[in-house]
Amino acid sequence: MTAAPQTTPHCAVCGTPVSSDAARCPSCGLSRPGARGGTVLGRHGLWLIASVLRAVYVVVLLIVVAAR
């Protein structure tokens with residue numbers, strides 16, 4: 001069994017090679033949330049999106065009920 005070759009991560013915007021522990025791209029400055037051990041949509045981000053979608057749903061539902 002052979003070891004998988006280690007690839008250097010690249011910036012998603014400009015394609016510049018970035019070290020795996022760098023918080024930002026040295027060329028364009030893009031933040032890299034995965035480098036800090038987090039995910040793009042962490043626990044708080046997912047709950048925030050779900051809450052906003054639920055609030056929009058409730059507002060639209062109230063508008064439809066009021067229009068009848």
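The sections below set out a description of the structure shown in this document. (Residues numbered from 1 in each chain as written. Predicted model: local features only at pLDDT ≥ 70, side-chain atom pairs only at ≥ 80, totals over all residues. Heavy atoms only, no water.)

## Quick look at the overall build of the chain
Per the secondary structure count, the chain includes 1 helix and 0 strands. By residue count, 7% of the 68 residues in the chain fall in the buried class. Across the chain, contacts joining residues at least 24 apart in sequence account for 0% of those joining residues at least 6 apart. As displayed, the chain has an accessible area near 6,000 Å², and 65% of this comes from carbon and sulfur atoms. (Helix = DSSP H or I, 4+ residues; strand = E, 2+ residues; numbered from the N terminus. Buried < 20%, exposed > 50% of the residue type's maximum accessible area, 1.4 Å probe, protein only. Contact = heavy atoms within 4.5 Å. Areas by Shrake-Rupley, 256 points an atom, 1.4 Å probe, with all protein chains shown as cover.)

## Structural notes on a nonpolar patch on the surface
A cluster of nonpolar side chains, namely Leu-48, Val-52, Val-56, Val-60 and Val-64, defines an oily patch on the protein surface of about 420 Å² accessible area. On the secondary structure map, Val-64 appears in helix H1 (residues 43-67). The exposure class of Val-64 is partly exposed, given its relative accessible area of 41%. (Patch = residues over 30% accessible without salt bridge, like charges linked within 9 Å, V, L, I, M, F, W, Y side chains within 5 Å. Salt bridge = Lys/Arg side-chain N within 4 Å of Asp/Glu carboxyl O.)

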